[in-house]
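Residue-level listing of the chains:
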Amino acid sequence: MAQAAVPSGQTHPIPLRIPLREILPWGILALAVSLVLLYFVGAEQGAVSMVNGQAIHEFMHDGRHLLGFPCH
């Protein structure tokens, strides 16, 4: 005899609802951090940079090549 997937008398769990006003600030923060990280990994070249010197370029150099961004 076939058995029911949910035994009788048991209720289904109620999904948790998180309001958009609680998620939106975290989404904006994640987007801002992602864009800053993308800039430093992909565009900070040393010659055309927001930060003087080669420190950021050298720090991100291997990660840049690993992700396929041209560097030289």
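Anything mentioned here points back to the structure above.
My aim in this report is to walk through the structure given alongside it, one point at a time.

1. Here we look at the overall build of the protein chain
- When you go through the protein chain residue by residue, the secondary structure sums to two helices and zero strands.
- Counting only residues that meet the buried cut, the protein chain has 12% of its 72 residues in that class.
- Here the contacts in the protein chain between residues at least 6 apart in sequence split such that 20% fall between residues at least 24 apart.
- Accessible surface for the protein chain amounts to roughly 6500 Å². Of this, 69% is attributable to carbon and sulfur atoms.

2. A look at the environment of Phe 69
- Mapped onto the secondary structure, Phe 69 falls in the segment after α2 (55-66).
- A C-alpha to C-alpha distance of 8.8 Å links Phe 69 and Ala 43, two positions 26 residues apart in sequence.
- Discounting residues that sit within four places of it in the chain, Phe 69 has contacts with Leu 38, Val 41, Gly 42 and Arg 64.

3. Some points on α2
- All of the buried residues along α2 are His 57, Met 60, His 61 and Arg 64. The arc enclosing the buried residues of α2, seen along the axis, measures out at 160°, which places them on a common side. In this structure, α2 carries Ala 55, Glu 58, Phe 59, Asp 62 and Leu 66 as exposed residues pointing more than 90 degrees from its buried face.
- Considering only its buried residues, α2 is in contact with α1 (20-42).

4. What about a nonpolar patch on the surface?
- Among the surface-exposed residues, Leu 16, Ile 18, Leu 20, Ile 23, Leu 24 and Ile 28 lie close enough to one another that they form a single nonpolar patch of about 660 Å² accessible area.
- With respect to the helices and strands, Leu 16 occurs in the segment before α1.

5. What to know about the environment of Leu 67
- By the secondary structure assignment, Leu 67 is in the segment after α2.
- Under the relative-accessibility criterion, Leu 67 is labelled exposed at 59%.
- Taking the C-alpha atoms as reference points, Leu 67 and Val 41, separated by 26 residues in sequence, lie 8.7 Å from one another.

About the criteria used
Residues numbered from 1 in each chain as written. Predicted model: local features only at pLDDT ≥ 70, side-chain atom pairs only at ≥ 80, totals over all residues. Heavy atoms only, no water. Helix = DSSP H or I, 4+ residues; strand = E, 2+ residues; numbered from the N terminus. Buried < 20%, exposed > 50% of the residue type's maximum accessible area, 1.4 Å probe, protein only. Contact = heavy atoms within 4.5 Å. Areas by Shrake-Rupley, 256 points an atom, 1.4 Å probe, with all protein chains shown as cover. Arc of directions from axis to C-beta. Patch = residues over 30% accessible without salt bridge, like charges linked within 9 Å, V, L, I, M, F, W, Y side chains within 5 Å. Salt bridge = Lys/Arg side-chain N within 4 Å of Asp/Glu carboxyl O.

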